[in-house]
Amino acid sequence: AIHRALDYWLRHDFQNPNWWYNVIGIPQAIGDIAILMQGELSPEELDIMANRILSRAKLGMTAENRVWVAGITLVRGLVLRDRALVNTAVGVLGEEIRITTREGIQPDFSFHQHGAQQQFGNYGLAFAGDAATWTLVFHGTPFEFSRRKIDILHDYLTRGEGWVVWRDRMDLSSCGRQLDAGCQRAKSRGLARAMEIMSQADPGRAADYLAYIKRNAEGGASDLMGNKYFWRSDYIIQRATNYYASVKMSSKRVIGAELVNSENVSGLHLGDGALYLYLTGREYEDIQPVWDWQKLPGTTCAQLPTWPVKFGHSQVNRDFVGGVSNGQSGCAALDYARDGVTARKAWFFLDGAIACLGTGITSSNAEPVITTVNQCWLKGDVIVSGKDGPQRLEPGEHNLKNLAWLWHDGVGYLFPGGRDLRVGEQRGNWRQVDDKRIVSTNEVSGQVFLLTFDHGTRPQGQTYAYVVVPGAKPEAMSGWTHAPALQVLRNTPALQAVASADGQQVQAVFYRAGELDYAPGRTVAVDRPCLLLVDARGATPRLTVADPTQAIEGLQVTLDGTLHAVNLPRGGQAGASVAVR
């Protein structure tokens, strides 16, 4: 029966309109069959499998595509007993375990494919699994990878991939264009398999790999905390004991999203400053079919009359996009421009809260412009507090003015001014995620929490400011309004800055040279645009700076009257943070 089925396939040699299946997917499956049936194949079967189908995977391409074809070539060498072909394939596999500024593992341990595009959950995840598998297969043989290669793979898994999963679910901003049902958990499980394999292939550091599995098990404690900015991918992450938050941006240098093979048809804004906040990890799980894709959390967008919009690669065509991090806290900034809308947006992660500032919001077009605070599944009560004190909101649309705070699902929001809130059912279907591979047009509905600022049509220089408090309790929110952990110092097109309540920690985005009075008698000034952090809690202040343009070689910072000349990194480290004592 196996032979009859195999012979049927080989006789028809089925082809897919998508080249990937013909060159990689089908040869992988045929290669597995060839390995398992080596002693049972007829000469004719072996010839068709090895010399017609497997040979389509020709060595070439880049990054994970190159790993895939090299793996198929290795299998072909094995079934043909061609040692030279095996040696060549092993060499190619090893070559791709490297740090590069082209496609592959980046100097910040993100992963690029299809250009300068973060691919943790697609090609990068496949690479993690394949590289781990081949490392184990070759372990203890003459083909064994060098210690340097294994070190790179270890760092990629623990300092890159391991950062983007929270409570057994991959951050949506790392899932790439494949946002199918169950994708967050499936991708987390795929990474767990790679970690398990590497714990066997690199047994001396098994605890490092197994820590990922332990922290993402049911009830697992968060042992990976801090702030990390991936300067090669315009992507910042904050991890704490009780929450995970991320902002994904794009720039002239970095692609924010792609639409390929009908996958991700609505994802134009995925790299436009999307801010996701997770406590349980389920906040956005499978929300994609009912999402309003022009109101992704954290974004400021024109509400186009026809949607979705066709695109290939999506990125913000600006240079001033970046982040700065001292490992514990950090901030990110996006000089935004799309569809006639411009804005300067910044996010500050400090003392268990996230300050979100926007300024210079301007549009020349007639479409309304909306900033979305959050759009997630509705869970439990929504409590708001204004002049009449705390109250629970009924489902529906609300235009809330003079609101002091709002609370939903363990998260508090503090903001001045008015905002719009919709709490209730939204409808859609999975075809707005992928209009070819997903054939079902069945309607999907669910209760959604949507909180926005409406800037109206043709806004000129508008602003917004709000603070997000993960893990807040509703009864404690009034205390936050009277004694906020963060204070907004500036929110102008030239400078956006916040400070801790005691003024000892400052985060600032200088869009041009300038000066900031951050506490009585204390100032910081810069002679070039930059992002910076000041931590004055110790005996010696700690200064951290970064160049979001990745174009300048140095700058001068005057902190409390003392001048510091700061040399900035170049090459693959351009955009990385520099600490100065």
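In this report, the structure presented in the accompanying data block is examined. Bear in mind that the values here come from a model prediction, so they are computed numbers and not experimental data.

About the criteria used
- Residues numbered from 1 in each chain as written.
- Predicted model: local features only at pLDDT ≥ 70, side-chain atom pairs only at ≥ 80, totals over all residues.
- Heavy atoms only, no water.
- Pairing = 2+ DSSP bridges.
- Helix = DSSP H or I, 4+ residues; strand = E, 2+ residues; numbered from the N terminus.
- Axes fitted to C-alpha atoms, helices over the stretch in contact; angles between N-to-C directions.
- 1 Å grid on protein atoms, 1.4 Å probe; cavity = no way out; pocket = protein on both sides within 12 Å on 5 of 7 lines; lining within 4 Å.
- Points joined across faces, edges and corners; volume = space filled by probe spheres on them.
- Nonpolar A, V, L, I, M, F, W, Y, C, P; charged D, E, K, R; others polar.
- Contact = heavy atoms within 4.5 Å.
- Parallel < 35°, antiparallel > 145°, perpendicular 65-115°, else oblique.
- Left-handed = near helix turned anticlockwise from the far one by under 90°.
- Salt bridge = Lys/Arg side-chain N within 4 Å of Asp/Glu carboxyl O.
- Buried < 20%, exposed > 50% of the residue type's maximum accessible area, 1.4 Å probe, protein only.
- Polar contact = N/O pair within 3.5 Å; in protein donor to acceptor, adjacent residues only side chain to side chain.
- Expected span 1.5 Å × (residues − 1).

**What to know about the sheet that holds strand β26 (residues 495–500)**
Phase 1 of the analysis: Here we have 6 strands laid out as an open sheet, ordered β25-β26-β27-β30-β31-β34, and antiparallel in their pairing. Pairing within the sheet leaves two strands with one partner each, and these edge strands are β25 (486–491) and β34 (578–580). Averaged over all neighbouring strand pairs, the angle between strand axes comes to 15°, with direction disregarded.
Phase 2 of the analysis: Strand direction decides the pairing type here: strand β30 (residues 530–535) and strand β31 (residues 542–546), joined by 5 bridges, are antiparallel. Paired with Asp-535 across the two strands is Arg-542, which belongs to β31.

**Description of the layout of surface pockets**
In this approach a probe as big as a water molecule rolls over the atoms, and the regions it shows empty are the leftover space.
Phase 1 of the analysis: In this model, the largest pocket occupies a volume close to 830 Å³.
Phase 2 of the analysis: As for the largest pocket, its lining consists of 30 residues, of which Trp-20, Tyr-21, Gln-28, Trp-68 and Ala-126 are closest to the centre.
Phase 3 of the analysis: Mapped by element, the contributors of at least two residues to the lining of the largest pocket are α2 (19–36), α4 (63–79) and α6 (123–138).
Phase 4 of the analysis: With 7 residues, α2 is the largest single contributor of residues to the lining of the largest pocket.
Phase 5 of the analysis: Of the residues contributing to the lining of the largest pocket, the split by class is 13 nonpolar, 11 polar and 6 charged.

**Some remarks on the sheet that holds strand β14 (residues 341–350)**
Phase 1 of the analysis: The 9 strands are arranged β12-β13-β14-β15-β24-β21-β20-β17-β18 in an open sheet whose pairing can be described as antiparallel. Sheet topology places β12 (321–325) and β18 (389–392) at the edges, where each strand pairs with a single neighbour. Strand after strand, the sheet turns through a mean of 15° between neighbouring axes, direction not considered.

**Here we look at the environment of Val-468**
Phase 1 of the analysis: With respect to the secondary-structure elements, Val-468 resides in strand β24 (residues 462–470).
Phase 2 of the analysis: In this structure, the C-alpha to C-alpha distance between Val-468 and Cys-356, residues 112 residues apart in sequence, is 7.8 Å.
Phase 3 of the analysis: Excluding anything up to four places from it in sequence, Val-468 contacts Leu-277, Ala-353, Ile-354, Cys-356, Val-411, Gly-412 and Tyr-413.

**What about the packing of α6 against helix α7 (residues 147–160)?**
Phase 1 of the analysis: One can describe the packing of α6 onto α7 by two numbers: an axis separation of 11 Å at closest approach and a directional angle of 140°. As the angle between them shows, α6 and α7 are arranged oblique. The chirality of how α6 crosses α7 is left-handed. Counting all contacts with α6, which are made through Gly-124, Leu-125, Phe-127, Ala-128, Ala-131, Ala-132 and Thr-135, the residues of α7 involved are Ile-150, Leu-153, Tyr-156 and Leu-157.
Phase 2 of the analysis: Residue classes in the contact of α6 with α7 are distributed as 9 nonpolar, 2 polar and no charged.

**Side note on the pattern of salt bridges**
Phase 1 of the analysis: Evaluation of the coordinates by the stated rule reveals 25 salt bridges.
Phase 2 of the analysis: A salt bridge links Arg-177 to Glu-258, with the nearest nitrogen and oxygen atoms 2.7 Å apart. You can see Arg-177 sitting in the loop between β4 (169–170) and α8 (183–201) and its partner Glu-258 sitting in strand β8 (residues 257–258), a full 81 residues away along the chain. Comparing Arg-177 with Glu-258, the two get one shared label, buried.
Phase 3 of the analysis: Linking Arg-318 and Asp-335 is a salt bridge whose minimum nitrogen-to-oxygen distance equals 3.0 Å. One end of the pair, Arg-318, is in the loop between β11 (313–314) and β12; the other, Asp-335, is in strand β13 (residues 330–338), with 17 residues separating them in the sequence.
Phase 4 of the analysis: What makes Asp-335 buried here is its relative accessible area of 8%.
Phase 5 of the analysis: Among the ionic contacts, a cluster of salt bridges with common partners joins Arg-66, Glu-95, Glu-96 and Arg-98.

**Side note on the pairing of strand β27 (residues 505–510)**
Phase 1 of the analysis: Burial of β27 is extensive: 6 of the 6 residues sit out of reach of the surface.
Phase 2 of the analysis: Here β27 shows two buried faces, one formed by Gln-505, Gln-507 and Val-509 and the other by Val-506, Ala-508 and Phe-510.
Phase 3 of the analysis: Relative to β27, β26 runs antiparallel, the two being bridged by 5 bridges. What sits directly across from Ala-497, in β27, is Ala-508.
Phase 4 of the analysis: Remark: 4 residues form the turn of the hairpin made by β26 and β27, two consecutive strands paired antiparallel; Gly-503 in that turn has positive phi of roughly 75°.
Phase 5 of the analysis: Examined bridge by bridge, β27 and β30 share 6 bridges and lie antiparallel to one another. Opposite Gln-505, over in β30, you have Asp-535 as the bridge partner.

**A few points about empty space enclosed by the protein**
Phase 1 of the analysis: For the coordinates displayed, the defined rule picks out 6 cavities of 30 Å³ or more.
Phase 2 of the analysis: Quantified by volume, the largest cavity comes out at close to 90 Å³.
Phase 3 of the analysis: The wall of the largest cavity is formed by 13 residues, among which Gly-176, Arg-177, Lys-248, Gly-256 and Ala-257 lie closest to the centre.
Phase 4 of the analysis: Here the residues of the lining of the largest cavity are counted per class, giving 3 nonpolar, 7 polar and 3 charged.
Phase 5 of the analysis: The computed volume of the second largest cavity comes to approximately 70 Å³.
Phase 6 of the analysis: Lining the second largest cavity, in full, are Leu-277, Leu-279, Glu-283, Tyr-284, Asn-374, Cys-376, His-408, Asp-409, Val-411 and Tyr-413.
Phase 7 of the analysis: Mapped by element, the contributors of at least two residues to the lining of the second largest cavity are β16 (368–377) and β21 (411–414).
Phase 8 of the analysis: Here the residues of the lining of the second largest cavity are counted per class, giving 6 nonpolar, 2 polar and 2 charged.

**Overview of the side chain of Thr-300**
Phase 1 of the analysis: Along the polypeptide, Thr-300 turns up in strand β10 (residues 300–302).
Phase 2 of the analysis: Its relative accessible area of 0% is what places Thr-300 among the buried residues.
Phase 3 of the analysis: Here Lys-345 takes part through its side chain, which lies 2.8 Å from a polar atom of the side chain of Thr-300.
Phase 4 of the analysis: At 2.7 Å, the side chain of Thr-300 forms a polar contact with the side chain of Thr-371.
Phase 5 of the analysis: In this structure Thr-300 touches Tyr-336, Lys-345, Ile-361, Val-369, Ile-370, Thr-371, His-455 and Tyr-464, once residues within four positions along its chain are discounted.

**What about helix α9 (residues 206–215)?**
Phase 1 of the analysis: For α9, the full list of buried residues reads Ala-206, Tyr-209, Ala-211, Tyr-212 and Arg-215.
Phase 2 of the analysis: Tucked into the core, α9 has its buried residues touching α7, β3 (165–166), α8 and β6 (235–239).

**As for α2**
Phase 1 of the analysis: Between its terminal C-alpha atoms α2 stretches 26 Å, which fits the 26 Å expected from 18 residues at 1.5 Å a residue.
Phase 2 of the analysis: By the burial criterion, the buried members of α2 are Asn-22, Ile-24, Gly-25, Ile-26, Pro-27, Ile-30, Gly-31 and Ala-34.
Phase 3 of the analysis: Its buried side turned inward, α2 meets α1 (2–12), α3 (43–53) and α4.

**A look at the pairing of strand β9 (residues 274–278)**
Phase 1 of the analysis: Burial of β9 is extensive: 5 of the 5 residues sit out of reach of the surface.
Phase 2 of the analysis: Alternating positions in β9 separate into two faces, Ala-274, Tyr-276 and Tyr-278 on one and Leu-275 and Leu-277 on the other, with burial throughout.
Phase 3 of the analysis: In this structure, strand β7 (residues 244–248) lies alongside β9, joined through 5 bridges in antiparallel fashion. Directly across from Lys-248, in β9, lies its bridge partner Ala-274.

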